[in-house]
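Geometric and topological summary
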Amino acid sequence: MDNPAPPSVRIWVATLTQADLRLRRWLDPREMGRFLSYESPADRARFLLGAAMLRSAVGQQVGMRPEDVPVDRECESCGAWHGRPRVPGSSLHLSVSHAGLLVAVAMATAGAVGIDVERIRSSPAAAESWTHHEARFKAGGGEDLLVHSLPLPWPGHLMAVAHPKNGTVKVSTSRQRLDLLER
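Residues numbered from 1 in each chain as written. Predicted model: local features only at pLDDT ≥ 70, side-chain atom pairs only at ≥ 80, totals over all residues. Heavy atoms only, no water.

Where burial is concerned, most of strand β1 (residues 8-15) is hidden: six out of the eight residues are buried. As defined by bridge partners, β1 adjoins strand β3 (residues 102-108) across seven bridges and the pair is classed as antiparallel. By the bridge assignment for β3, Ile11 is matched with Ala106. (Buried < 20%, exposed > 50% of the residue type's maximum accessible area, 1.4 Å probe, protein only. Helix = DSSP H or I, 4+ residues; strand = E, 2+ residues; numbered from the N terminus. Pairing = 2+ DSSP bridges.)

Below, the structure written as structure tokens:
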């Protein structure tokens, strides 16, 4: 009997320099409304880049154009549209995080995943503890999760991922792996 492949987690990291207003064409009406609700250009750029990266990653995985990927962000607790992103009809697990100049997207083929990126504002130890806490929370909590720091993504930032203990993790930059406006 063959052993199934362990669940894999792929992570993409990009800087705000890759945010391009042309990516708005990939957003659905609810995402566009959320994009327009941000007053700060940096907040708009972080949301836009995170939504585009998520759509590009999922599109590559399932063979769809990014603009055709259905994304549901309905909160499981309150029903508002601010929950963990899901792709209806897919078994993929997704997480998005952004802080400062960075945006990160994590996609797991099986089992929960949570990603968190933070700017270091005071104590590096406190920031690391917080990123671990947030990554675990975004993955739904639980004892069966492994949480660890990832290589420093950018000066002054920390990143952590939570995933099933038997999973593997691969980190890529969006320049290497995501098709953001290259066609």
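What follows is about the packing of aromatic side chains. For any pair of aromatic rings, geometry is given as the distance between the ring centres together with the angle between the planes. A complete count under the given rule lists one aromatic pair for this structure. The interplanar angle of 40 degrees and the centroid separation of 5.8 Å between the aromatic rings of Tyr38 and Phe47 together place this pair among those described as tilted. The exposure class of Phe47 is buried, given its relative accessible area of 4%. Its guanidinium or amino end placed over the ring of Phe35, Arg44 lies 5.4 Å from that ring's centre, counting from NZ or CZ. (Phe/Tyr/Trp six-rings, centres within 6.5 Å; stacked < 30°, edge-to-face > 60°. Lys NZ or Arg CZ within 6 Å of the ring centre and 35° of its normal.)

Ordered by their spatial adjacency, three strands build an open sheet running β4-β6-β5, and the pairing between neighbours is antiparallel. Each of the sheet's edge strands pairs with one partner strand only, and the pair in question is β4 (114-119) and β5 (145-149). The mean inter-strand angle of the sheet, taken between neighbouring strand axes irrespective of direction, is 15 degrees. By the bridge criterion, six bridges tie β4 to strand β6 (residues 157-164) in an arrangement that is antiparallel. If you follow Val117 over to β6, its bridge partner there is Met159. Contacting β4, β5 and β6, helix α3 (residues 124-138) crosses the sheet at an angle of about 155 degrees to β4. (Axes fitted to C-alpha atoms, helices over the stretch in contact; angles between N-to-C directions. Contact = heavy atoms within 4.5 Å.)

With that out of the way, let us pick up the layout of surface pockets. Its boundaries defined by the atoms lining it, the largest pocket holds a volume of some 640 Å³. Around the largest pocket, the lining is made up of 26 residues, and of these His82, Gly83, Arg84, Val96 and Lys138 lie nearest the centre. Within the residue set of the lining of the largest pocket, elements represented by two or more residues are α2 (41-62), β2 (93-99), β4 and α3. In terms of residue count, the dominant contributor to the lining of the largest pocket is β2 (five residues). Looking at side-chain class alone, the lining of the largest pocket contains nine nonpolar, seven polar and 10 charged residues. (1 Å grid on protein atoms, 1.4 Å probe; cavity = no way out; pocket = protein on both sides within 12 Å on 5 of 7 lines; lining within 4 Å. Points joined across faces, edges and corners; volume = space filled by probe spheres on them. Nonpolar A, V, L, I, M, F, W, Y, C, P; charged D, E, K, R; others polar.)

All right, on to the confidence of the model for the chain then. As a note on interpretation, predicted positions should not be read in detail where pLDDT is low. Mean pLDDT over the chain: 86, with 87% of residues reaching 70 or higher. pLDDT under 50 marks residues 173-177. Its contacts with residues more than four places away, or in other chains, come to 11 contacts. (pLDDT = per-residue confidence, 0-100.)

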